[in-house]
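# Commentary on secondary and tertiary structure
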Amino acid sequence: MAYRTLNPFTEQLVEDYPEHTDDAVEAALAKADGLFHSDWSKGDIQPRLAVLKSLSGLLSENRDDLARTMAEEMGKPLAQGQGEIDLCAGIAAYYAEKAADFLKPEKIDSELGEAWVEFHPIGVLLAVEPWNFPIYQLIRVVAPAIAVGNPVLYKHAGIVPRCAARFAELVREAGAPEGFVANLYISSEKVAEMIGDDRIQGVALTGSEGAGAKVSARASEMLKKSTLELGGSDVFVVLDDADIEKAVAAGVEGRLSNAGQVCTGSKRFIVQKSVSDAFITGFVEGMKTAVMGDPLDEATDLGPLSSEDALKTLTKQVEEAIQHGAKAVTGGKPADRTGFFYEPTVLTDVARDNPAFYQEFFGPVAQVFVVEDDDAVVALANDSHFGLGGSIFSGDTDRARKLASRIETGMVFINTTTTSMPELPFGGVKRSGFGRELGDVGIKEFVNRKLVVVSAD
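Here goes a summary of the coordinates provided. What you are looking at is a predicted structure, and each value in this text was computed from that prediction instead of being measured. (Residues numbered from 1 in each chain as written. Predicted model: local features only at pLDDT ≥ 70, side-chain atom pairs only at ≥ 80, totals over all residues. Heavy atoms only, no water.)

## Re the nonpolar core
This is how it is decided: By convention a nonpolar core is built from buried Ala, Val, Leu, Ile, Met, Phe, Trp, Tyr and Cys residues, the set being connected through side-chain atoms within 4.5 Å. For the exposure calls, accessible area comes from a 1.4 Å probe over protein chains only, and a residue counts as buried if that area is under 20% of its type's maximum, exposed if over 50%, partly exposed in between. Secondary structure elements follow DSSP: runs of H or I no shorter than four residues count as helices, runs of E no shorter than two count as strands, and numbering proceeds from the N terminus.
Grouped together as the largest cluster of nonpolar side chains are 69 residues, with contacts concentrated most on Leu 59, Tyr 95, Ile 135, Tyr 136, Ile 139 and Phe 167. Looking at this core, the elements with two or more residues in it are α3 (46-61), α4 (63-74), α5 (78-102), β4 (113-121), β5 (124-128), α6 (136-148), β6 (152-155) and α7 (161-173). In terms of residue count, α5 provides more of this core than any other element does, 11 residues in total. Listed in part, the 53 residues of the second largest apolar core include Val 235, Ala 250, Val 284 and Ala 400.

Below, the structure is given as structure tokens:
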């Protein structure tokens, strides 16, 4: 596959990058495996935590440069890129502070005698990551892996090669041994080959359903653990007692952030009938007035989509939705300007037999549904192939809590959009994947939970 930086705002090629050779991949794998069998991986945790603390500081120091690189490679507005790096620095700092406690042995009460579970590294991990959050997607896997002692080789998306290389450099600069975290420019076929190598002991993927199906099938074939964070079609529920002004502002941000290219972005807006007119009016106005422009301009709300292919895919989806009866209240086509821009779009009248009903729209396109009551909210929310996250806006948190428990997703946020924090486990159900990243749950996905028992006799 091609690794290249092509600016989605100017549509100009910046630089091409050659793929790593088979010999280079073998050298990286051998180096990582050697480090797994060294004291660095299996010894005292404190040197590894010191690397994470240093990495947190380096991310903060390089915040603006990294944000500019993301803007140039995949179109993320500068302020949003800076926010991403702040989160990444926080994740590294979180595990630097908390990992030692998370990985302490856990005692078990047993009639047999003294018993406990220890947490040990399992070996080299292979991470396959997407372009939409070029640094955050990496740190979610790499930070806990460093703490545990699992080396990581990663294949990043082809359109963010500079971000991929820069991250590995920062980890090395933070004090990790050379090769403990390594970036590889490789093909999907090479990924499948690497999963078959005995030195790879776990696979983490964030990406599309198709990629997840292939990677998880290959990992299962080789009897290896995998975690998948795939697509989402998150609901944004507005109940009849919600603060409409707050819900409108959150809804616009939740749909347009990162040009709508967020797995946990607000995508299906489910609004109760008595407040539907007020919400839809405000929401459409907010979508229409978002400032579209250069991601490096601080005034920009909406940057371009990440690539020409992304623009073509979204355009085709919306055209097909309209052909099957959906109505575009605003937008509905690519923007007439240079760059891979798509107009902020609101679709209504999306029937269940419309292909759009079950699709994920990875761009600034919202679907709005009007329902009568809470049961209808739950029924529509759960009528999805995905189950990643969702939001509920209500003036009655007890009511919202009950609804949250009934919605079939990995995450639900009340009176705020779906977000990510270092301490919050991140992941979904259904076709949104399995496993969790972040928090005390995420750090234990790729560990050997070793039971030790001392007989009382």
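## Here's the deal with the packing of aromatic side chains
To describe a pair of aromatic rings, one takes the distance between the centres and the angle between the planes. Rules: Pairing of aromatic side chains requires ring centres within 6.5 Å, counting the rings of Phe and Tyr and the six-membered ring of Trp. Pairs whose planes differ by under 30 degrees are stacked, by over 60 edge-to-face, and all others tilted. Note on geometry: a ring has a charge over it if NZ (lysine) or CZ (arginine) is within 6 Å of the ring centre and within 35 degrees of the ring normal.
Summed over the entire model, instances satisfying the criterion amount to 17 aromatic pairs. Both rings, one in Phe 9 and one in Phe 341, keep their centres 6.1 Å apart while their planes meet at 85 degrees; by these two values the pair is edge-to-face. One end of the pair, Phe 9, is in the loop between β1 (3-7) and β2 (12-17); the other, Phe 341, is in the loop between β12 (327-330) and β13 (345-348), and 332 residues separate them in sequence. The buried category is assigned to Phe 341, whose relative accessible area is 0%. Ring-pair connections join several aromatic residues into one group, and the members of that group are Phe 236, Phe 269, Phe 279, Phe 283 and Phe 393. Just above the ring of Phe 426 sits the side chain of Arg 140; from NZ or CZ to the centre is 4.4 Å.

## Considerations on the packing of α4 against α7
Here is the rule: Fitted lines through C-alpha atoms serve as axes, helices being fitted only where they are in contact, and the angles separating the N-to-C directions of these axes extend from 0 to 180 degrees. An angle below 35 degrees is read as roughly parallel, one above 145 as roughly antiparallel, one from 65 to 115 as roughly perpendicular, and any other as oblique. The contact criterion used is simple: two residues touch if any of their non-hydrogen atoms lie within 4.5 Å. When residues are sorted by character, Ala, Val, Leu, Ile, Met, Phe, Trp, Tyr, Cys and Pro go into the nonpolar class, Asp, Glu, Lys and Arg into the charged class, and all the rest, Gly among them, into the polar class.
Following both chains from N to C, one finds α4 and α7 inclined at 155 degrees, their axes separated by 9 Å at the closest point. With respect to each other, α4 and α7 are oriented roughly antiparallel. Residue-level contacts link Asp 65, Leu 66, Thr 69, Met 70, Glu 72 and Glu 73 of α4 to Pro 161, Arg 162, Cys 163, Arg 166 and Leu 170 of α7. Counted by class, the contact of α4 with α7 contains 5 nonpolar, 1 polar and 5 charged residues.

## What about the sheet that holds strand β7 (residues 181-183)?
Pairing between sheet strands relies on hydrogen bonds along the backbone, with the strands arranged either parallel or antiparallel. What counts is decided by this rule: Between any two strands, at least two bridges found by DSSP are needed for them to pair.
Across the sheet, which stays open at both edges, the 6 strands sit in the order β7-β6-β5-β8-β9-β19 with mixed pairing between neighbours. The sheet terminates laterally at β7 and β19 (433-434), the two strands that pair on one side only. Sheet topology places β5 next to strand β8 (residues 200-206); 5 bridges connect them, and they run parallel. Bridge pairing links Leu 125 to Gly 202 in β8. Running over the sheet, α7 touches β6 and β7 and is turned about 160 degrees from β7.

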